[in-house]
Each structure stands twice: as C-alpha cells, then as structure tokens.
Amino acid sequence: MTSQKLKKIMEGDKKYLFQNYGDRLPVSFAKGSGAYLYDQEGKRYVDFFSGIAVTNLGHSHRKLSKVLHSQLDRIIHTSNWFYNAEQVEAAMLISGISFGGKTLFVNSGTEANEAAIKLARRHGIEKGISEPEILSFSNSFHGRTFGSMSATAQKKIQDGFGPLLPGFCYLHYNDAAGLEKELAGNRNLAAVMIELIQGEGGIVIAENEFVCLLSDICKKRDILLIVDEVQTGMGRTGKYFAYQHYGLEPDVITLAKGLGGGVPIGAMHSRDGLVGLLEKGRHGTTFGGNHLVCAAAASVIKEISGKGFMDRVNKTSARIFGRLEDLKKKSGIITDVRGLGLHIGIELNVQGMDYVKKALEMGLVINCTSEKVIRIMPPLNISDRAVKEGMDIFEEIITGEVKQN
Ligand SMILES: Cc1ncc(COP(=O)(O)O)c(C=O)c1O
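Residues numbered from 1 in each chain as written. Predicted model: local features only at pLDDT ≥ 70, side-chain atom pairs only at ≥ 80, totals over all residues. Heavy atoms only, no water.

Trainee: Looking at this structure, how should I read the overall build of the protein chain?
Mentor: Counting its regular elements, the protein chain contains 13 helices and 17 strands. In terms of overall size, the protein chain behaves like a compact globule, its C-alpha atoms giving a radius of gyration of 21 Å where 405 residues would be expected to give roughly 22 Å. Along the first, second and third principal axes, the C-alpha atoms of the protein chain reach 65 × 55 × 50 Å. Relative to its 405 residues, the protein chain shows a buried fraction of 54%. Restricting to contacts in the protein chain with at least 6 residues of sequence separation, those with at least 24 account for 71%. Carbon and sulfur atoms provide 54% of the accessible area of the protein chain, an area that totals close to 18900 Å². (Helix = DSSP H or I, 4+ residues; strand = E, 2+ residues; numbered from the N terminus. Rg over C-alpha atoms; globule rule 2.2 N^0.38 Å. Buried < 20%, exposed > 50% of the residue type's maximum accessible area, 1.4 Å probe, protein only. Contact = heavy atoms within 4.5 Å. Areas by Shrake-Rupley, 256 points an atom, 1.4 Å probe, with all protein chains shown as cover.)

Trainee: When you look at the site of the ligand in this model, what are you seeing that I'm missing?
Mentor: For the ligand, the set of nearby residues contains 13 residues, the closest of which are G109, T110, D228, Q231 and K257. Residue Q231 places a side-chain N or O atom 2.8 Å away from an oxygen atom belonging to the ligand. Interatomic distance of 3.0 Å between a side-chain N/O atom of K257 and an oxygen atom of the ligand. If the ligand stood free it would expose 390 Å²; the protein chains cover 82% of that surface. Broken down by element, the residue count for the shell around the ligand peaks at three residues, all from helix α5 (residues 109-126). (Near = heavy atom within 4 Å. Polar contact = N/O pair within 3.5 Å; in protein donor to acceptor, adjacent residues only side chain to side chain.)

Trainee: Explanation requested: the nonpolar core in the structure shown.
Mentor: In globular proteins that are soluble, nonpolar side chains generally tend to be buried together. Of all hydrophobic cores here, the largest spans 86 residues; its most connected members are F137, L196, I366 and F394. With nine residues, the top contributor of residues to this core is helix α10 (residues 291-304). (Core = buried A, V, L, I, M, F, W, Y, C linked by side-chain atoms within 4.5 Å.)

Trainee: What should I look at first to understand the domain arrangement of the protein chain in this one?
Mentor: One frequently used descriptor of interface size is the decrease in accessible area upon assembly of the parts. Per the domain assignment, the segments making up the protein chain are domain 1 (4-61 + 307-399) and domain 2 (75-304). In this structure, domain 1 and domain 2 have C-alpha centres spaced 26 Å apart. Contact residues are listed per partner, giving 28 residues for domain 1 and 26 residues for domain 2. For the pair domain 1 and domain 2, the summed buried area comes to about 2200 Å², and 59% of that belongs to carbon and sulfur atoms. (Domains from an automatic or database assignment. Buried area = accessible area lost by both parts, 1.4 Å probe.)

Put into structure tokens, the structure is as follows:
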C-alpha cells in the first residue's frame with residue numbers, strides 16, 4: 001500500500017518534474033547503508049542495482065563519506081582556470097590501474113563519450129580525413145546527448161529528435177565478417193566505439209575473437225579504439241576495466257557511473273600520444289573534475305585497488321552465478337545467465353518488469369533491461385549475508401518457493 005508520505009512525493013513528481021522517466025517504481029529511498037536501502041517508512045531493501053552500477057562501494061561508505069565531508073569543509077569548486085590537486089590525484093590513480101595515459105574530467109558518461117567523439121574527429125582530421133566517421137554497434141548505448149546518441153545504434157533512443165550528428169556508421173555486434181568488410185571498405189573511419197559488455201543492450205558480452213580482430217585492424221589502420229567503460233569500469237566486471245579481460249590496449253576509455261561512488265563525474269582517459277589532439281581551448285567544462293568529485297574518485301580507486309578487494313568481487317560473483325545456475329535448472333523461465341564479475345544478466349522467456357516490481361515489494365532492488373533481461377549489479381563490497389538475503393528473495397520470486405533458513 002502506498003503510504004501518505006510516498007503519495008505526496010509522487011504527486012509532487014507529477015506536478016513539478018518532467019515525466020521523461022515515465023512511471024517510476026513506487027518507492028522513494030530515504031537512506032542507505034552498505035548494500036541496504038531504506039524507504040521513507042524505514043522498510044529495508046537489499047540493493048542489487050547500485051543506482052545503475054554507480055554506488056559500487058555501497059551506501060554511506062565510511063571512508064568515502066569521510067573524504068567527502070572533509071572535502072566539503074575545505075573546498076568544493078574553483079573551476080578549470082586553476083590547478084587542482086584532487087584532479088591530479090584522481091587522474092594519477094586512473095592511470096595507475098589502466099594503461100598509463102592522461103585524463104580529461106567531465107560530468108557524466110555521455111559527456112565522456114562526447115569528449116571521445118571530439119578526440120576521434122580530431123584524430124581523423126589530422127590524418128587527412130575531411131569527414132571522419134566513427135563506427136559503433138547495434139544495441140549499443142553511449143548516452144543521450146547528440147554525439148553519444150548518434151553513436152547509440154538503437155532506433156528507440158534516436159527516434160524523434162530530428163537530424164542526428166553525421167559521421168557515424170553501425171555494424172552488428174559480434175559480427176566478425178561484417179567487421180572485416182566495413183573496416184576494409186571505409187577509408188573515412190577514424191575510430192570505433194564499443195562496449196565490451198553491452199549493459200543497456202541486455203548484458204551481451206563481446207566475443208573474444210571479434211574483439212581481437214577489431215583491435216588488430218584498428219592498430220594496423222591507425223583507427224582509434226574507444227572502449228566505453230562507463231558501466232563496465234571501476235571493478236564492476238571483476239577487473240578494473242572490462243578491456244583487461246581481453247588483453248586489449250585501447251586508445252581511449254570512457255568512464256563515469258562507479259568512478260565517483262555516487263557523485264556525478266565522468267572521464268575520458270587516453271593514451272599519452274593522443275593528448276595533443278585536444279590542445280588549449282579545444283574542449284572544456286565548468287564543473288568537470290571539481291575538487292569534490294575528484295576527491296571522491298580518488299577515494300573510490302584507492303578502495304577498489306586495495307588488497308583483496310577484487311578477489312572478493314570475484315568470490316561474490318562466483319557465489320551469485322552458482323545460485324543462478326541452480327535456479328536456471330529449477331525454473332522454467334530463465335533461458336540464460338551471463339555476465340562478468342558483478343555485471344550480471346538473467347534472460348527470461350517472459351517480460352522482466354513484473355519480476356522487478358515483485359522483488360521490490362519483497363525488499364529486493366533489481367532492474368530489467370532489454371525487456372526480458374533481469375540485471376543484477378550489487379555493490380562490489382556487498383556482504384555474504386546481503387547476497388544470501390537478496391538471492392533468497394530472487395529465488396522466491398522466480399520459483400514461487402520460499403527458501404527455508
Ligand atoms: C555504456 C554506457 N555509456 C554511456 C552511458 C551514459 O552515461 P550517463 O547516463 O552518465 O550520461 C551509459 C549509461 O547508462 C552507459 O551504460
């Protein structure tokens with residue numbers, strides 16, 4: 001039953017906010033602690049969603065909160081007119097867990113991709129391509145601003161917004177034959193933008209052979225390989241970045257979501273040799289990389305690169321996958337379980353949204369993407385107890401059987 005408090009919030013939402021998110025799920029969270037969320041009435045939920053892979057350290061993380069409080073009390077923002085110690089530290093840490101290189105901070109995933117698109121065009125133009133093109137893949141998701149939306153090869157995202165940005169071409173994901181043909185025939189190609197696990201596209205993993213071929217051709221032809229790690233990055237897949245599962249060397253990675261543990265930050269990170277393409281005055285943002293968000297990012301990176309952290313992510317992942325595989329055998333509705341680390345998709349042979357709503361009623365926050373894929377992305381440091389609680393609820397909604405303790 002909807003409480004008076006929630007009813008008031010829902011009325012305010014309708015009255016004062018754009019309705020671009022449609023009907024939100026009928027809950028409003030008031031606080032969080034670790035992998036638990038609490039609504040306005042204090043009802044507790046296990047969080048298997050992390051605000052779309054953002055709160056990777058859970059809620060009210062002790063060290064992150066302390067860093068944020070202390071930063072708030074010192075300085076929040078000064079702008080990119082000035083040197084910024086927190087920016088330097090965050091960039092140094094990103095560089096340390098990736099491939100060296102340099103960072104340009106922005107405010108979101110879509111902005112990180114916009115920066116990468118500008119870098120890619122500059123790369124093409126420097127190579128003498130007057131109208132450089134960027135290749136992306138079917139069912140991808142790169143964001144909602146014009147460049148990233150144009151890279152997002154999904155009609156439902158692009159439709160109704162008039163002319164898209166020119167200079168994009170698309171191919172089927174995991175289609176190695178098509179890739180060879182397109183890359184051989186298109187002399188205007190400056191860059192390829194790819195998610196190695198398509199998150200919004202239904203947790204679809206890029207095949208190794210396809211990725212190796214892509215990387216080889218990009219290297220030979222001096223085409224930039226941009227890996228969109230907005231959802232997969234920052235430890236989500238059991239390594240710091242998804243590209244590290246493939247032994248790849250991307251030219252550029254784009255980051256956001258988990259980077260700030262909940263504060264809005266994005267980043268484009270590239271190898272050193274590309275930095276000159278965005279020389280003085282070519283790009284910028286008022287808020288990008290301010291003291292507060294960079295202090296958060298540095299704190300998040302220190303935490304995920306701490307001793308044993310990633311091992312624990314992989315142990316938790318194995319535990320969840322184990323339970324899901326058992327559940328798949330028992331249930332008639334799970335057709336596939338896939339993913340890497342704690343980036344997990346459970347494909348159903350029915351629509352997933354009813355299960356998301358049922359889970360919420362029972363105190364579990366999950367998500368549905370691509371209509372039939374339940375997406376599970378718990379905080380990376382979730383406790384065994386919370387995993388068990390969440391999985392017991394999930395099992396109950398899938399099988400209708402209550403787990404006995
Ligand atoms: C892979 C990927 N790229 C880019 C974006 C856009 O990020 P943002 O919503 O922060 O603009 C998303 C968001 O879901 C994403 O999953």
